[in-house]
Amino acid sequence: MSLLTKQQEKLVQRARDFVQTELLPLEKEVEKSGGISSESSNEIIRKSRQEGLFAANIDRRFGGGGLTTLDNVLLQEQFGATKEILARRAAGNIYECIKEGTAEQIERFLIPSIRGDRHSALAVSEPEAGSDAASITTRAVRCDAGWILNGRKYFISDADFCDYFIVAAVTQPDLGPRGISLFLVDRSQQGFSYGKSFNMLGFKGTTHRELIFNNLILGKDALLGEENDGFRILGDTLGKARLSKVGARAIGKCHRLLYLMKKHAQDRQQFSKALIDFGQIKQMIVDSNIEISAARALLLQTAKEIDTGLDSRAAISQVKILATETLGRVADRAVQVFGASGCHDEEVIESFYRDARLYRIIDGTSEIHMNIIAKGLKRSVGPCFVAS
Ligand SMILES: Cc1cc2nc3c(=O)[nH]c(=O)nc-3n(C[C@H](O)[C@H](O)[C@H](O)COP(=O)(O)OP(=O)(O)OC[C@H]3O[C@@H](n4cnc5c(N)ncnc54)[C@H](O)[C@@H]3O)c2cc1C
């Protein structure tokens with residue numbers, strides 16, 4: 001019996017069909033050519049919009065799909081079963097923080113992104129500021145026109161594909177994290193240039209670039225939300241994205257790896273026996289099954305909590321850790337079960353193994369999420385017995 005509603009089952013089926021017919025056939029192209037053509041990107045976006053799967057997390061009043069967090073997590077799990085670049089194109093990488101913008105910003109940036117006409121990235125990390133995001137030095141200083149922006153951002157995902165960036169910059173240096181603001185920066189603006197290109201371990205097809213802002217003049221209308229409120233905005237809006245783009249997609253990858261492991265262990269024979277009949281192989285598959293089920297249960301529970309309005313920051317961190325660390329173990333076992341066949345680039349196992357490593361670093365490392373959970377635990381000792 002399924003725990004999903006009829007509507008959720010239909011959504012999942014639609015997404016699964018889309019992944020199978022539209023995205024899986026492109027996986028080889030991504031791995032071999034190191035990306036997908038702009039024609040393929042546009043086609044994915046067009047078809048995903050047609051199916052009602054694009055920008056599904058964004059409110060209907062802006063033209064998005066208006067899915068609940070739980071429904072979006074169910075959708076992103078399906079997208080997670082394929083390569084990150086394909087999942088990104090099909091889902092649309094739209095940041096909810098733009099909703100905090102003015103009507104004009106929503107019109108210029110959010111609405112075209114929901115239509116699939118404009119694409120954005122979030123630019124926080126810098127050469128000297130990673131986990132400690134409050135230590136960024138990119139600076140926005142007031143001028144007559146608005147702001148002058150100077151600084152460098154590192155590792156920005158999909159930067160080549162993007163038309164604009166949501167840039168975190170210091171506006172009041174003496175206030176630490178409370179002196180950081182967000183700006184909407186068009187890549188066509190004078191003073192913007194790309195710097196280094198990082199060839200990452202995984203996520204083939206997605207570029208990771210350095211962005212350089214050199215005396216870039218921003219109008220007053222480039223400020224997103226209130227001045228010095230950037231960290232609060234990111235804190236309030238990134239959690240849900242973390243749950244769906246990272247947690248749910250990691251679980252989607254786990255499911256595909258588990259399926260491939262089970263199939264291979266039944267199909268391949270050694271010593272006149274199917275691999276599944278060797279206890280050590282069985283153990284790897286059973287352990288994976290248990291761990292994926294536990295991580296998925298926490299993922300869905302947390303999504304439901306968000307939809308009921310509960311404060312879920314620590315729970316999101318738990319999902320981030322459990323889902324991505326589970327993916328790491330499952331991908332490692334999948335390579336083992338496949339042997340040499342899991343080590344070359346004709347099988348998705350090899351690329352998921354590389355991608356899995358990145359999942360524990362992106363969107364806050366496991367250690368940083370552990371610190372968030374620990375802070376919550378320190379604040380409240382909790383009940384001695386199981387709480388209701
Ligand atoms: C594939 C990929 C895509 C990315 N895309 C983007 C993007 O689009 N936009 C963007 O802004 N950034 C992006 N990043 C950067 C990402 O946000 C950072 O990698 C991440 O915040 C960690 O920072 P760091 O890599 O500088 O590691 P560091 O902060 O230098 O940390 C190094 C190690 O020290 C540990 N550590 C640090 N502080 C503590 C602490 N207090 N307690 C315990 N351990 C600690 C970390 O957990 C880690 O293990 C991307 C990174 C990757 C790998």
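What counts and how
Residues numbered from 1 in each chain as written. Predicted model: local features only at pLDDT ≥ 70, side-chain atom pairs only at ≥ 80, totals over all residues. Pairing = 2+ DSSP bridges. Helix = DSSP H or I, 4+ residues; strand = E, 2+ residues; numbered from the N terminus. Near = placed C-beta within 6 Å. Nonpolar A, V, L, I, M, F, W, Y, C, P; charged D, E, K, R; others polar. Domains from an automatic or database assignment. Axes fitted to C-alpha atoms, helices over the stretch in contact; angles between N-to-C directions. Parallel < 35°, antiparallel > 145°, perpendicular 65-115°, else oblique. Left-handed = near helix turned anticlockwise from the far one by under 90°. Contact = placed C-beta atoms within 7 Å. UniProt positions renumbered as here; feature names shortened; annotations may be inferred. Buried ≥ 20, exposed ≤ 12 C-beta atoms within 10 Å, placed from the backbone.

Asker: Would you mind going over the pairing of strand β3 (residues 146-157) with me for this structure?
Answerer: Both faces of the sheet carry side chains from a regular strand, because those side chains alternate between them. Summarising the sheet, strand β2 (residues 139-142) and β3 pair through four bridges and their orientation is antiparallel. Bridge pairing in β3 links R142 to W147. Taking the residues between adjacent antiparallel strands as the criterion, β2 and β3 are bridged by three residues. With nine bridges connecting them, β3 and strand β7 (residues 208-219) associate as antiparallel partners. In the sheet register, S157 faces β7, and the bridge partner there is H208.

Asker: Looking at this model, I keep getting lost on the site of the ligand. Mind explaining?
Answerer: As a structural note, the neighbourhood of the ligand is formed by 20 residues, with S125, G130, S131, T365 and E367 the closest of them. If you list the elements that add at least two residues to the shell around the ligand, you get β1 (120-123), β3 and α11 (366-379). Tallied by class, the residues present in the shell around the ligand amount to twelve nonpolar, seven polar and one charged. Both of domain 2 (120-230) and domain 3 (231-378) provide at least three residues apiece to the shell around the ligand.

Asker: I would appreciate a short explanation of the packing of helix α7 (residues 230-267) against helix α9 (residues 313-338) in the present structure.
Answerer: Axis angle and axis distance: for two packed helices, these are the angle between their axes and the distance between the axes, and together they describe the pair. Relative orientation of the contacting elements α7 and α9 amounts to 25°, with a least axis distance of 9 Å. By the angle between their axes, α7 is roughly parallel relative to α9. Here α7 and α9 pass one another in a crossing that is left-handed. Of the residues that constitute the contact of α7 with α9, the class distribution is 19 nonpolar, five polar and five charged.

Asker: Please clarify how the domain arrangement of the chain should be interpreted in this entry.
Answerer: Accessible area lost upon the coming together of the parts serves often as the stated size of an interface. Taken domain by domain, the chain holds domain 1 (6-115), domain 2 (120-230) and domain 3 (231-378). Look at where the C-alpha atoms of domain 1 and domain 3 centre, and you get two points 21 Å apart. Residue-level contacts link 20 residues of domain 1 with 26 residues of domain 3. Mapped onto the side of domain 1 that touches domain 3, the elements with two or more residues apiece are α2 (27-33), α4 (69-80) and α5 (84-91). The dominant element in the side of domain 1 that touches domain 3, judged by the number of residues it contributes, is α4, at nine residues. Each residue belonging to the side of domain 1 that touches domain 3 can be placed in one class, and the counts come to six nonpolar, seven polar and seven charged.

Asker: Please explain the UniProt feature "domain: Acyl-CoA oxidase/dehydrogenase middle" (unreviewed entry) in the chain as it appears in this structure.
Answerer: UniProt tags residues 121-215 as "domain: Acyl-CoA oxidase/dehydrogenase middle" (unreviewed entry). For residues 121-215, the helix share is 0%, the strand share is 49%, and the end-to-end C-alpha distance is 21 Å.

Asker: Mind showing me how you'd approach α5 here?
Answerer: Given 3.6 residues per helical turn, the α-helix brings residues three or four places apart onto the same face. Within α5, eight of the eight residues are buried, which leaves the element mostly enclosed by the surrounding structure. Every buried residue belonging to α5 is among E84, I85, L86, A87, R88, R89, A90 and A91, and all of these are buried. Of the surrounding secondary structure, the elements contacted by the buried residues of α5 are α1 (6-23), α2, α3 (38-50), α4, α7 and α10 (348-359). Residue G92 follows α5 closely and has a positive phi angle near 85°.

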